[in-house]
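Summary of structural features
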Amino acid sequence: IGDGNLKETMTALILELGLEKHVVLVGSKPQKELVLELSSCSIFVNPSVYSQTFGLSNIEAMAMDLPLIAFSVGGPREYLRNGVNCIVPRSATGDAIAEAISMLRSDGVLKELLIEGGRKLARNYTVTKAVLEYRKLYESLVSGDHHPQK
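Residues numbered from 1 in each chain as written. Predicted model: local features only at pLDDT ≥ 70, side-chain atom pairs only at ≥ 80, totals over all residues. Heavy atoms only, no water.

1. What about the overall build of the chain?
- Within the chain, the secondary structure is distributed over six helices and two strands.
- Seen in sequence order, the chain has helices and strands lined up from the N terminus as α-α-β-α-β-α-α-α.
- Oriented by its inertia axes, the alpha-carbon framework of the chain measures out at about 65 × 35 × 25 Å.
- Counted over contacts in the chain with a minimum sequence separation of 6, partners at least 24 positions apart contribute 48%. (Helix = DSSP H or I, 4+ residues; strand = E, 2+ residues; numbered from the N terminus. Contact = heavy atoms within 4.5 Å.)

2. Considerations on the nonpolar core
- In this structure, Phe 44, Ile 59, Met 62, Leu 68 and Leu 80 are the most contacted members of the largest nonpolar core, which totals 13 residues.
- Where this core is concerned, the elements lending two or more residues are α3 (56-63), β2 (68-70) and α5 (108-122).
- If one sorts the elements of this core by residue count, α3 sits on top with three residues.
- Those residues in contact with Ile 59, other than ones at most four positions away along the chain, are Phe 54, Tyr 79, Leu 121, Ala 122 and Tyr 125.
- Ile 69, Leu 104, Leu 110 and Leu 114 belong to the second-largest nonpolar core, a separate cluster that totals seven residues. (Core = buried A, V, L, I, M, F, W, Y, C linked by side-chain atoms within 4.5 Å. Buried < 20%, exposed > 50% of the residue type's maximum accessible area, 1.4 Å probe, protein only.)

3. Comments concerning the packing of aromatic side chains
- The final tally for this structure, using the stated rule, is four aromatic pairs.
- Between Phe 54 and Tyr 79 the ring centres are 5.4 Å apart and the planes differ by 50°, which places this aromatic pair in the tilted class. Placement of Phe 54 in the loop between β1 (44-46) and α3 and of Tyr 79 in the loop between β2 and α4 (94-106) is noted, with a sequence separation of 25 residues between them.
- Assessed through its relative accessible area of 29%, Phe 54 is described here as partly exposed.
- Following the ring pairs from residue to residue traces out a cluster consisting of Phe 54, Tyr 79 and Tyr 125. (Phe/Tyr/Trp six-rings, centres within 6.5 Å; stacked < 30°, edge-to-face > 60°.)

Shown next as structure tokens:
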């Protein structure tokens, strides 16, 4: 999901490898359509090796009960746990990602473990919880009880 400067290269590679029935590059989608796209997936792969602030797409995939394959870089390093809520590939290569996909396709127990771990994590990132946390912060600031965390 999404577009980038490698879309043409990736499309050509998918055709070259005969994977067009298994891999779909859907391009950019409006927010309303993302749920439909994600619900048609069996695994969510976030191949980004660049530092991300948070990696919201990882949490969205976990909330949709998709097993996640992602690299632990930047903000996601704070919540991604290899073998608990995701698979972190051994290296930033296509072979390592393919190995992780194969693991999930062949090991139903691991897949279910990651789905459950992801679901538990995603529950920590709801709008309601964020509003409550901000409210507590604002109330502590107004009352003067706020002490920066060390």
